[in-house]
Amino acid sequence: MRILVAGGSGFIGRELIPLLHKSKDTIFVYTHQKNVVNNLGFQKEITVLTADDEFPEVDVIVNLSGESIAEKRLSKSRLEEIQNSRIETIELLSEKYANNFPSHFIQASATGIYKDNCQQDETGELSDTVYASICKTIEYKAKELQDKHKTNISICRIGVVIGDGGGLADNLKYLPRLYIIGGDNYIPYLSVTDCALAIRHIITNKLYGVFNLCSDHFMTANQILKLASSSKFLTIPIPKLVLKFDKRGDLLLTNQRIIPKALKENGFVFDRF
């Protein structure tokens, strides 16, 4: 297949692209800066595109584009920037493929769309937090393509992604191991490898609809912090109140047991740490 990965230079994209390449798919990567992808050492067979290029005909688009939630403090303007960066990419792809939109469009979202203090699958009740609002806006924009371009849509609601070189581990790499006092709340998570494998599974099996990309083995905030931390010797206990000084800390205070029902029913098996 011919696959375009938008946002391919990000944490998940860097794991997904080599995986797809090994499957003998023809890969195109959309990014804002060509040198970002080239510096990652991707194979020469992979074509890198920017917004100024003509986009080739493809069978599938995987849209992982967007400003990172974890990179900067979450002010009101930063949250708008995060949402707009995702919406603008969807609009760009719609314009680039106005006359030849692929048959399958995969859009990244997040498990933050669900209400707290629940155990639920893809049919679960959605939240009204600012993070959920961003997810809803992105998903709605992606689903508009279904009617506009007669394409099939897959929404990937991704949990906290754990692995070397990005995600939570990257934010914690200069810190001692943190231990949240009372941090027995559950956080949806998965390894970056499983995230890439799940997306490939959706592509290969032509699965459409909403999918929770998070492990079916539940872990608490403190278990995840221990797993993602690079510090093995020093542990610092922190009260939950401290996390509230930075809105990014809210991501460690959610309490969600999200079930990846749709993927499991379609034969995907999550690894366990």
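In this report, the structure presented in the accompanying data block is examined. The model shown is predicted, which means the values in this text are computed figures rather than measured ones.

A look at the overall build of the chain
Argument step 1. Across its full length, the chain carries nine helices and 13 strands.
Argument step 2. Residues classed as buried in the chain amount to 50% of the 273 residues present.
Argument step 3. Taking contacts inside the chain between residues at least 6 apart in sequence as the whole, the part at least 24 apart equals 78%.
Argument step 4. Just so you have it, the chain exposes about 13500 Å², and 49% of that area is on carbon and sulfur atoms.

Thoughts on the pattern of salt bridges
Argument step 1. This structure, assessed with the given rule, holds seven salt bridges.
Argument step 2. Between Glu91 and Lys141 there is a salt bridge, with its nearest N and O atoms 3.2 Å apart. Remark: Lys141 occurs in helix α4 (residues 130-149) and Glu91 occurs in helix α3 (residues 76-96); sequence separation between them is 50 residues.
Argument step 3. You can call Glu91 partly exposed: its relative accessible area is 39%.

Things to note about unusual backbone geometry
Argument step 1. In this model, Lys24 sits at a positive phi of 70 degrees, which is unusual for a non-glycine residue.
Argument step 2. Within the secondary structure layout, Lys24 lies in the loop between α1 (11-22) and β2 (26-30).
Argument step 3. With a relative accessible area of 73%, Lys24 lands in the exposed category.

Some words on the packing of α3 against α4
Argument step 1. Taken N-terminus to C-terminus, the directions of α3 and α4 make an angle of 5 degrees; their axes are 10 Å apart at the nearest point. By the angle class used here, α3 and α4 are roughly parallel. Contacts between α3 and α4 involve Leu79, Gln83, Arg86, Ile87, Ile90, Glu91 and Ser94 from the first element and Val130, Tyr131, Ser133, Ile134, Thr137, Ile138, Lys141, Ala142, Leu145, Lys148 and His149 from the second.
Argument step 2. Along the lines of polarity and charge, the residues of the contact of α3 with α4 split into nine nonpolar, five polar and four charged.

So, the packing of α1 against helix α6 (residues 192-204)
Argument step 1. It is the contact of α1 with α6, at a shortest axis distance of 9 Å, that shows an interaxial angle of 55 degrees. Our classification of the angle between α1 and α6 gives oblique. In the packing of α1 onto α6, the handedness of the crossing is right-handed. Between α1, through Phe11, Ile12, Glu15, Leu16, Leu19 and Leu20, and α6, the contact on the second element is made entirely by Val192, Thr193, Cys195, Ala196, Leu197, Ile199, Arg200 and Ile203.
Argument step 2. Here the residues of the contact of α1 with α6 are counted per class, giving 11 nonpolar, one polar and two charged.

Topic: the state of the cysteines
Argument step 1. As enumerated under the stated definition, the model contains zero disulfides in all.
Argument step 2. Left without a disulfide partner, Cys195 is nearest to the cysteine sulfur of Cys156, which lies 7.5 Å away.
Argument step 3. Since its relative accessible area comes to 0%, Cys195 is described here as buried.

Topic: the packing of aromatic side chains
Argument step 1. The final tally for this structure, using the stated rule, is six aromatic pairs.
Argument step 2. With centroids separated by 6.3 Å and ring planes inclined at 85 degrees, the aromatic side chains of Tyr97 and Phe101 adopt a geometry described as edge-to-face. We note that Tyr97, like Phe101, is buried.
Argument step 3. Aromatic ring contacts, followed pair by pair, group Tyr30, Phe55, Tyr97, Phe101 and Phe105 into a single cluster.

Considerations on the nonpolar core
Side chains that are nonpolar tend, in soluble globular proteins, to be buried together.
Argument step 1. By size, the foremost hydrophobic cluster in this structure holds 34 residues, and its most contacted members are Val62, Ile158, Ile199 and Leu213.
Argument step 2. Ranked by residue count, the leading element in this core is α6, at seven residues.
Argument step 3. In contact with Ile158, not counting residues within four places along its chain, are Ile12, Ala108, Ser109, Ala110, Thr111, Leu190, Cys195 and Leu213.
Argument step 4. Judged by nonpolar contacts, the second largest core, of 23 residues, contains Leu4, Ile138, Leu145 and Ile153.

As for the environment of Asn205
Argument step 1. Looking at the secondary structure, you find Asn205 in the loop between α6 and β11 (209-213).
Argument step 2. Since its relative accessible area comes to 39%, Asn205 is described here as partly exposed.
Argument step 3. Residues Asn205 and Gly267, 62 residues apart in the sequence, show an inter-C-alpha distance of 9.9 Å.
Argument step 4. A distance of 2.9 Å separates a polar side-chain atom of Asn205 from the backbone oxygen of His201.

Looking at a nonpolar patch on the surface
Argument step 1. A contiguous nonpolar surface patch, about 370 Å² in accessible area, is contributed by Phe233, Leu234 and Ile236.
Argument step 2. Along the chain, the position of Ile236 falls in strand β12 (residues 235-239).

Structural notes on the side chain of Ser109
Argument step 1. Its place among the elements puts Ser109 in strand β5 (residues 104-110).
Argument step 2. Relative accessible area serves as the criterion here: at 10%, Ser109 is assigned to the buried category.
Argument step 3. When sequence neighbours within four positions are dropped, the list of residues in contact with Ser109 reads Cys135, Glu139, Ile155, Cys156, Arg157 and Ile158.

Cut-offs and rules
Residues numbered from 1 in each chain as written. Predicted model: local features only at pLDDT ≥ 70, side-chain atom pairs only at ≥ 80, totals over all residues. Heavy atoms only, no water. Helix = DSSP H or I, 4+ residues; strand = E, 2+ residues; numbered from the N terminus. Buried < 20%, exposed > 50% of the residue type's maximum accessible area, 1.4 Å probe, protein only. Contact = heavy atoms within 4.5 Å. Areas by Shrake-Rupley, 256 points an atom, 1.4 Å probe, with all protein chains shown as cover. Salt bridge = Lys/Arg side-chain N within 4 Å of Asp/Glu carboxyl O. Axes fitted to C-alpha atoms, helices over the stretch in contact; angles between N-to-C directions. Parallel < 35°, antiparallel > 145°, perpendicular 65-115°, else oblique. Nonpolar A, V, L, I, M, F, W, Y, C, P; charged D, E, K, R; others polar. Left-handed = near helix turned anticlockwise from the far one by under 90°. Disulfide = S-S within 2.5 Å. Phe/Tyr/Trp six-rings, centres within 6.5 Å; stacked < 30°, edge-to-face > 60°. Core = buried A, V, L, I, M, F, W, Y, C linked by side-chain atoms within 4.5 Å. Polar contact = N/O pair within 3.5 Å; in protein donor to acceptor, adjacent residues only side chain to side chain. Patch = residues over 30% accessible without salt bridge, like charges linked within 9 Å, V, L, I, M, F, W, Y side chains within 5 Å.

In short, the description is geometric, and any link to function would need to be established separately.
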